[in-house]
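Topology and contacts: notes
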Amino acid sequence: MSRLQVFASSSQEPSPPATTPVLEAKPKPWLLVGLGNPGKMYRGTRHNVGFEMLDTIAEAEGISMSDVSFKALLGKGHIGNIPLILAKPQTFMNASGESVGSIVSYYKIPLSQVLVIFDDMDLPFAKLRLLPKGGHGGHNGMRSVIDHFKGSRDFPRLRIGIGRPPGKMDPVNFVLQPFNRQERDELDFTLKTGLEAVRILLFEGFDKSAKFVNTPKPMEQLG
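Heads up: these notes are all about the structure in this document. Please read these numbers as outputs of a predicted model, since none were measured by experiment.

1. What about the layout of surface pockets?
- Reported here for the largest pocket is a volume of approximately 460 Å³.
- If you go around the largest pocket, you meet 25 residues; those closest to its centre are H47, M121, G138, H139 and N140.
- Elements supplying a minimum of two residues to the lining of the largest pocket: β5 (114-120), β7 (157-161) and α5 (171-175).
- Each residue belonging to the lining of the largest pocket can be placed in one class, and the counts come to eight nonpolar, 10 polar and seven charged.

2. Digging into unusual backbone geometry
- Here F92, not a glycine, exhibits a phi torsion of approximately 75°, which is positive.
- Here F92 lies in the loop between β4 (82-89) and α3 (96-107).
- Phi angles above zero are rare outside glycine, and K150 is one such case at about 55°.
- Tracing the sequence through the fold places K150 in the loop between α4 (140-148) and β7.
- Since its relative accessible area comes to 82%, K150 is described here as exposed.

3. Describing the packing of α3 against α4
- Contact geometry of α3 with α4 gives a least axis separation of 7 Å together with a crossing angle of 40°. By the criterion of interaxial angle, the relationship of α3 to α4 is oblique. As for the relative orientation of α3 and α4, their crossing is right-handed in sense. Every residue of α4 that contacts α3 at S96, G97, E98, V100 and G101 is listed here: G141, S144, V145 and H148.
- Taken together, the residues that form the contact of α3 with α4 break down as two nonpolar, six polar and one charged.

4. Observations concerning the nonpolar core
- W30, L32, I57, L86, L115 and I117 are the most contacted members of the largest nonpolar core, which has 34 residues in total.
- Counting residues per element, this core draws most heavily on helix α6 (residues 181-204), at seven residues.
- Setting aside chain neighbours within four positions, we find W30 in contact with I82, P83, L84, I85, S112, Q113, V114, L115, P156, L201 and L202.
- If you look at the next biggest cluster of nonpolar residues, it comprises 20 residues, including V33, I85, I146 and F149.

5. Looking at the packing of helix α2 (residues 49-61) against α6
- It is at 9 Å that the axes of α2 and α6 come closest, and there the two elements cross at 60°. Between α2 and α6, the crossing angle belongs to the class labelled oblique. Like other packed secondary-structure pairs, α2 and α6 cross with a definite hand, here right-handed. Between α2, through V49, E52, M53, T56, I57, A60 and E61, and α6, the contact on the second element is made entirely by R184, L187, L191, G194, L195, V198 and R199.
- Along the lines of polarity and charge, the residues of the contact of α2 with α6 split into eight nonpolar, two polar and four charged.

6. Quick look at the sheet that holds strand β6 (residues 128-131)
- Spatial ordering of the open sheet is given by β2-β3-β4-β1-β5-β7-β6, a layout of seven strands whose pairing is mixed. Both edges of this open sheet fall to β2 (67-69) and β6, since each of them pairs with a single strand only. Across the sheet, the mean angle from the axis of one strand to that of its neighbour is 25°, orientation sign disregarded.
- Relative to β4, strand β1 (residues 30-34) runs parallel, the two being bridged by four bridges. Each bridged residue has a counterpart across the sheet, and for L32 the counterpart in β4 is L86.
- With respect to the sheet, α3 is in contact with β1, β3 (72-79), β4 and β5, its orientation differing from that of β4 by roughly 155°.

About the thresholds
Residues numbered from 1 in each chain as written. Predicted model: local features only at pLDDT ≥ 70, side-chain atom pairs only at ≥ 80, totals over all residues. Heavy atoms only, no water. 1 Å grid on protein atoms, 1.4 Å probe; cavity = no way out; pocket = protein on both sides within 12 Å on 5 of 7 lines; lining within 4 Å. Points joined across faces, edges and corners; volume = space filled by probe spheres on them. Helix = DSSP H or I, 4+ residues; strand = E, 2+ residues; numbered from the N terminus. Nonpolar A, V, L, I, M, F, W, Y, C, P; charged D, E, K, R; others polar. Buried < 20%, exposed > 50% of the residue type's maximum accessible area, 1.4 Å probe, protein only. Axes fitted to C-alpha atoms, helices over the stretch in contact; angles between N-to-C directions. Parallel < 35°, antiparallel > 145°, perpendicular 65-115°, else oblique. Left-handed = near helix turned anticlockwise from the far one by under 90°. Contact = heavy atoms within 4.5 Å. Core = buried A, V, L, I, M, F, W, Y, C linked by side-chain atoms within 4.5 Å. Pairing = 2+ DSSP bridges.

Here you go:
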């Protein structure tokens, strides 16, 4: 063997072993659900503040809510790099779980990543409360959601206060009332606070979001 051949063979680098690429699992999206009733006659009423919160999120994050599937208006997008699905069930309030249960089942979303947003007469008007779990509190939409989650209550929810009906007014009539101008201003402020709470929930976790929600804001302090 020539000196040239020896040099050539000794200078060859061994081939690296073949490796199988590791495929990272796609993160499950968050599902944000706003409860309400479909149709123009219910738009802007107390019972539909869950829908309004979803609209606020969709507009702020540039997410179209034009897709109709699973008996809901759906929007898909991201907040930052976090995937999410926005859903407004179109089943009427008392059957909301039919829609929400189907979405969760199809996309295999863990209940810890399902945030349900709804109106609550037990909270003062325009106040927010973020809870990690709980019952339906007499809210028929939440009752339906829990039923379609096979009785599980272990999912976060954002409650938006609409206050109690005045005097002896029937609660059914009260929740279908529109807001006056002052209430509208307060609610718009609350929706902006709710949007920020959702962003904190997705990026920093439940505890920081709950602390933010429960800290009085300027308009609340003025009230």
